[in-house]
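Chain residues, written in single-letter form:
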Amino acid sequence: MRSSPVARFGRLAALLLLVAAGQALPSPAVAAAPAPVAGELRPYNVDRVFSAGVSSGGYMATQLHVAHSQTFDGSAVFASGPYNCAQNDLNRALNACMEVSQDLQLSRLEQTTRDWSARGLIDDVAGLSGDPVYTFSGSADSTVERPVVGALRDYYGRFGARVLHNQATAAGHAWISPLGANSCGVTRSPWMNNCGIDPEREFLGHLLGSVAAPASAPGGRLVQFDQNAYAPGGAAGPISMDDKGFVYTPTACEDGAVCSVVVALHGCKQGYSYQGFGTRFIDQAYLNEYADTNRLIVLYPQAVATATLDNPNGCWNWWGYLGDSSYARHGGRQLDTIVNMVRALGGGGGTPPPGGTTLRSAAAEDGYVKAAGDGTAAAVGTLEASYGLALGRGTDGKFNRAVLSFDTSAVPADKKITRAYLTVTRSSGSGDPWASPAGNRLLVDVHQGCLGGCAVEPADWSAPVSAAGAAEVPAFTTGAASSTDLSPAGLAAINRLGTTQIRLRFAQGQTSTAYLFANKDAPVTLTVEYE
């Protein structure tokens, strides 16, 4: 019997799109992929890139396609809903994006997508027009209900994508494959079901235009590589990704043939390191067989469970866990990591993954300044040690701005800076400073060198800067959030010879008390990428 949303939430089982917690894993199926060998990602002769996934992996596949439509040429998903469905809200993820007890607000999701596109937070939505998209919903799937998957079909239709929707099968909640270990209608581990059909032929034919028959057994190489190399700061674990990832490459691609890339994303509890699950998703997905005969490179990124309650069963991030409010757009940590892998394979224009460094702010020079709305009576704030850096309007009626110092001399002088962004951790706060007045924005000013002296001083509140409003930090209530990418003027202001100072300020003065404290326990970081 299906438990209620409240009960599932209380047990954290509702964090998952793949349920049946506590069931033993069945005996492995006959291996349909070669044993993995250690290696690295390298560039190939790539012409197109597609995403595919099931459940949480389906949501991630859609996020990759929509946010990076200039890189991804189409997508195929089993059992998931429209882009940004959760809207960074776990309750909505449970009740609108799995069950249908809440309206998933399709028109709002469309408008948000268009707004983000206009602001450069995702690629231009015009890139979705004409893209092939495949959606699959089984009639026996009570985990992600059919209207949710139907909304994904309708969402893509609003942007002109060519959607092929399969809802003709009595499948449970699973990836459907001729190699699936389970019967069609069940929902249980390993969530790989055999329904007597070949949806891989169907969706690959839709994505590629035509598809050759699969090989009887894979004949290429399955390489296990280090995912840390592609994650922010060189660490996959903090973003709930495994050290290990996998890529399958046919011999023809190894020999220089023009090939396409399919990024195949497992669901919850299907990651390599989850309770010994191993390569079952890779073995049973029935993609490697088609890869050999259709010149496909199949990338299998791996999520991993957290030791905390944020993501205990290794789901992909589609609701904003671990404080990543940018999870569905540029700056999303898992998204960026996977895109870096695609670039390493030669996708997205064949650009290799950028070099980069993540810098901590210099705590001894950080601080905040408070002043009247016109900048008069400015004074250095005194509560940093107790609460953090104040931003917004305090109980004294003053408006607070934070100033941060970064030693950016670590950025190589001979490299072109391609991207930079801030990550801010919230300590506490009162009210919603983004809603006072409505639509308020937390802006990022960048200055080459120090605003005056490098230590915070009253004049920093209104001091001129090299690049005003070079980025913004989206509204967030807990955890950490990443800013949008710095503008070209902001990138140019990064001082490779020494200090770069950054000022955080709200664009408008709050009409009543509404503020947050940042950076008390976790320094603000500046990530700079270059090539």
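It should be noted that the structure appears before, not after, this text.
We now turn to the structure provided with this report. No experiment lies behind these values; they were computed from the predicted model shown.

Our focus in this paragraph is the overall build of the chain. Scanning the chain from terminus to terminus reveals 11 helices and 24 strands. Taking 2.2 N^0.38 as the reference for a compact globule, 531 residues should give roughly 24 Å; the C-alpha atoms of the chain span a radius of gyration of 24 Å, in line with that estimate. With the C-alpha coordinates of the chain rotated into their principal frame, the extents come out at 75 × 55 × 40 Å. Looking at the chain as a whole, 57% of its 531 residues are labelled buried. In the chain, 76% of the contacts between residues at least 6 apart in sequence involve partners at least 24 apart. For the chain, the accessible area works out to roughly 18,900 Å², and carbon and sulfur atoms hold 50% of it. Here the chain holds 37 positive side-chain charges and 44 negative ones, and the gap between their average locations is 4 Å.

Our next topic: the pattern of salt bridges. Scanning the entire structure with this criterion turns up 15 salt bridges. Close ionic contact of Glu254 with Arg221 constitutes a salt bridge, the shortest N to O distance being 3.3 Å. One end of the pair, Glu254, is in helix 7 (residues 251-254); the other, Arg221, is in strand 9 (residues 221-226), and 33 residues separate them in sequence. Residue Glu254 is classed as partly exposed on the basis of its relative accessible area of 23%. Taken together, the shared-partner salt bridges in this structure form one network comprising Asp336, Arg419, Asp485 and Glu529.

Before going further, it helps to examine helix 10 (residues 333-344). Taking 1.5 Å as the rise per residue, helix 10 with 12 residues should run 16 Å; its terminal C-alpha atoms sit 17 Å apart, in good agreement. Most of helix 10 is tucked away: 11 of the 12 residues are buried. Within helix 10 the residues assigned to the buried category are Arg333, Gln334, Leu335, Asp336, Thr337, Ile338, Val339, Asn340, Met341, Val342 and Ala344. Phi turns positive one or two residues past the end of helix 10, at Gly346, with a value near 100°.

Let's shift gears to the sheet that holds strand 8 (residues 192-194). Reading across the sheet, the three strands line up as 6-8-7 and stay open at both edges, with parallel pairing between neighbours. The outermost strands of the open sheet, each flanked by one partner alone, are strand 6 (175-176) and strand 7 (182-183).

We now examine the state of the cysteines. Counted according to the given criterion, the structure contains five disulfides. Here Cys184 pairs with Cys195 through a disulfide, and the sulfurs are 2.0 Å apart. Residues Cys184 and Cys195 are joined through a disulfide that is right-handed, its torsion about the S-S bond being 90°. Of the two residues, Cys184 is situated in the loop between strand 7 and strand 8 and Cys195 in the loop between strand 8 and helix 6 (199-208); the sequence distance between them amounts to 11 residues. Since its relative accessible area comes to 17%, Cys184 is described here as buried. When the cysteines engaged in disulfides are numbered in sequence order, the chain pairs them as 1-2, 3-4, 5-6, 7-8, 9-10.

Before going further, it helps to examine the sheet that holds strand 11 (residues 259-265). One open sheet holds the nine strands; their spatial order is 1-9-10-12-11-2-3-4-5, and the pairing between them is mixed. The strands lining the two open edges of the sheet, one partner per strand, are strand 1 (37-38) and strand 5 (162-166). Its contacts with the sheet put helix 2 (residues 56-67) on strand 2 (46-54), strand 3 (75-78), strand 4 (132-136) and strand 11, and the angle it makes with strand 2 is roughly 145°.

A separate point is the packing of aromatic side chains. Counting across every chain of the model gives 22 aromatic pairs. Seen in terms of ring centroids, Tyr134 and Phe203 are 5.7 Å apart; in terms of plane orientation they differ by 40°. Their pairing is tilted. Placement of the pair is Tyr134 in strand 4 and Phe203 in helix 6, with a sequence separation of 69 residues. Overall, the relative accessible area of 0% leaves Phe203 in the buried class. Centroid distance Tyr387 to Phe517: 5.3 Å. Interplanar angle 25°. Geometry classified as stacked. Residue Tyr387 is found in the loop between strand 15 (379-380) and strand 16 (389-393), and its partner Phe517 is found in strand 23 (residues 514-518); the two are separated by 130 residues along the sequence. Residue Phe517 is classed as buried on the basis of its relative accessible area of 9%.

Here the focus is the pairing of strand 10 (residues 244-249). Most of strand 10 is tucked away: five of the six residues are buried. Bridging between strand 10 and strand 12 (residues 296-300) involves three bridges; their strand directions are antiparallel. Paired with Tyr248 across the two strands is Val298, which belongs to strand 12.

Judged by how many residues are buried, helix 6 sits mostly within the fold: eight of 10 residues are covered. When we look at burial in helix 6, the residues that qualify are Pro199, Glu200, Phe203, Leu204, Gly205, His206, Leu207 and Leu208. The first or second residue beyond helix 6 is Gly209, which carries a positive phi of 100°.

About the criteria used
Numbers given for residues are sequential positions, taken from 1 along each chain in its written order. The predicted origin of the model limits local features to residues at a pLDDT of at least 70 and limits the giving and counting of side-chain atom pairs to 80 or more, whereas totals for whole chains, interfaces and linings rest on all residues. Computation of side-chain values: all heavy atoms of the structure, hydrogens and water removed. Secondary structure elements follow DSSP: runs of H or I no shorter than four residues count as helices, runs of E no shorter than two count as strands, and numbering proceeds from the N terminus. To get the radius of gyration, use the C-alpha atoms; to get the globule rule, take the number of residues to the power 0.38 and multiply by 2.2 Å. The buried label applies to any residue whose accessible area, calculated with a 1.4 Å probe on protein chains only, is under 20% of its type's maximum; exposed applies above 50%, and partly exposed to all values in between. Note on contacts: a residue pair is in contact if any heavy atoms of the two residues lie within 4.5 Å. Note on areas: Shrake-Rupley with a 1.4 Å probe; residue coverage comes only from the protein chains shown. Counted as positive: Lys and Arg. Counted as negative: Asp and Glu, with His and the chain ends omitted from the count. A charged residue contributes its charge at one atom only: NZ of Lys, CZ of Arg, CG of Asp or CD of Glu. Salt-bridge detection follows one rule: a side-chain nitrogen of Lys or Arg within 4 Å of a carboxyl oxygen of Asp or Glu. Expected helix span is taken as 1.5 Å per residue step, with the number of steps being one fewer than the number of residues. Strands pair, by our definition, only if DSSP identifies at least two bridges between them. Working definition: a disulfide is two cysteine sulfur atoms within 2.5 Å of each other. Axis lines are fitted to C-alpha atoms, over the contacting stretch for helices. Their N-to-C directions set the angle, which ranges from 0 to 180 degrees. A pair of aromatic rings is counted whenever rings of Phe, Tyr or Trp (Trp by its six-membered ring) have centres within 6.5 Å, and the orientation is called stacked for planes under 30 degrees apart, edge-to-face for over 60 and tilted otherwise.

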